[in-house]
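Below are the chains, spelled out letter by letter.
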Amino acid sequence: MMMYNNSSSEDASDFEDEDFDQLIVMIAFPRNPRIFRPRKHHFTYWKDDEFFNRFRLSKNTVRFIVDIIGDRICSRTDWNNAVSPEDKVLLTLRYYATGSMLIVCGDFIGIHKSTASRIVKLVSHNIAILRPQFVNFPNNENDFKKVKQDFYNIAKFPTVIGALDCTHVKIKSPGGDNAEVYRNRKNFFSINVQTICDANLKIQDIVARWPGSSHDSTIFNNSEIRRKLEIGEMRDCVLVADSGYAQRNYVMTLVGSPNTVIDPASGIYEEAVAKYNESLIRTRNTVERSYGVWKRRFPILATGINVKITSSQSIIVATAVLHNIACNFGESMPRVTTEIESLISITEFNNPGEDIGRNAANFTRNKFLRYFNNLI
């Protein structure tokens, strides 16, 4: 029994010695004191134009976004609300506006890179899930008529509900066995994004899941909007597109050489074909302009998204949602540097034309040709 007591006292003495040693270390090498630096209140710190240049959206538009998603981006792990919903949205917008490394965007708010990464992912996801609310086709007959009228006012092309095209969004190499499918014909990694816009440059439909090596027509052939048009869900409506797409009853493309498509017995003249092509080009130009505005507002789409593929897709859709919200608020287009302009031009592709002559006898397109023939 006495031996047991001696052993217990020796163990207790060892613990006391260890505690004493730790105390000596703490005294000799004290921890650096935690410093809580006050963060800027960006809504009051910056003037309106300075705020717009840094975040690409006005204060009213940003407040509108915070009001919508503010509750959802306050995660349960933020027990002390270290980063407010406003700062989370502004950090994400700063990342979209600069395409900088996350460590730089984190320094802008005063947080670590890993925290900045989680915030960008969280905010992008919650903005992207607003797509059904802000990125959609008209849902009633009056809205359809307005979209058609707006397109008709451009160049008198009737029954158009959207301009169809694809654009490349630069990303970092995803790695793995399938990385090369994301390399496009300009030799950089990208996601080929299909959009359909209206006459006011708003995006009505977006598909952001296809790798950069995919052809535009492949993306359209596998899209939901094509299925709706095929089954007649959207009657008396057509899309306008470039010659990278096949001519269909619901997709109008350019006519090639008039000599290959005009039947003398049809009464259609070369002047009608020229008018048709000119009107289609001017009408379809809206989608090209929408890409310019979209990428100038959020240069990360041109400079390159340096996060994982799944997060990249969320960012693309989120910026499309923000683009439409900006259009609703009548936001002006931000200025960009010459370097950004050159990067934007690199991500724009001219599609190689398909054999459009084989579809020249398309019944629907001939109706449009007769319509322009009557305008001569």
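Residues numbered from 1 in each chain as written. Predicted model: local features only at pLDDT ≥ 70, side-chain atom pairs only at ≥ 80, totals over all residues. Heavy atoms only, no water.

Draft legend 1. A look at the environment of Ala-163. Along the chain, Ala-163 turns up in strand β1 (residues 160-170). A sequence separation of 124 residues divides Ala-163 from Val-287, and the C-alpha atoms of the two residues are 5.6 Å apart. (Helix = DSSP H or I, 4+ residues; strand = E, 2+ residues; numbered from the N terminus.)

Draft legend 2. How the structure looks around the packing of aromatic side chains. In the structure shown here, the tally under the stated rule is 16 aromatic pairs. Relative to Phe-108, the ring of Phe-55 has its centre 5.8 Å away and its plane inclined at 70 degrees; by these criteria the two rings are edge-to-face. Of this pair, Phe-55 sits in helix α3 (residues 48-55) while Phe-108 sits in helix α6 (residues 102-109); the two residues are 53 residues apart in sequence, bridging distant segments of the chain. A centroid spacing of 5.6 Å and a plane angle of 50 degrees characterise the contact between Phe-157 and Tyr-276, whose relative ring orientation is tilted. Of this pair, Phe-157 sits in the loop between α9 (141-155) and β1 while Tyr-276 sits in helix α13 (residues 270-297), placing them 119 residues apart in sequence. The exposure class assigned to Phe-157 is buried, which follows from its relative accessible area of 0%. Every member of this aromatic cluster is reached through a ring pair, and the members are Phe-157, Tyr-276, Phe-368, Tyr-371 and Phe-372. The ring of Trp-46 carries Arg-54 above its face, with NZ or CZ at 3.8 Å from the centroid. (Phe/Tyr/Trp six-rings, centres within 6.5 Å; stacked < 30°, edge-to-face > 60°. Buried < 20%, exposed > 50% of the residue type's maximum accessible area, 1.4 Å probe, protein only. Lys NZ or Arg CZ within 6 Å of the ring centre and 35° of its normal.)

Draft legend 3. Main features of the side chain of Lys-295. With respect to the secondary-structure elements, Lys-295 resides in helix α13. Classification of Lys-295 by relative accessible area gives buried; the value is 0%. Here the side chain of Lys-295 touches Thr-167 through a polar contact of 2.7 Å, side chain to side chain. Dropping the residues within four chain positions of it, Lys-295 is found in contact with Thr-167, His-168, Leu-301, Ile-344, Thr-347 and Glu-348. (Polar contact = N/O pair within 3.5 Å; in protein donor to acceptor, adjacent residues only side chain to side chain. Contact = heavy atoms within 4.5 Å.)

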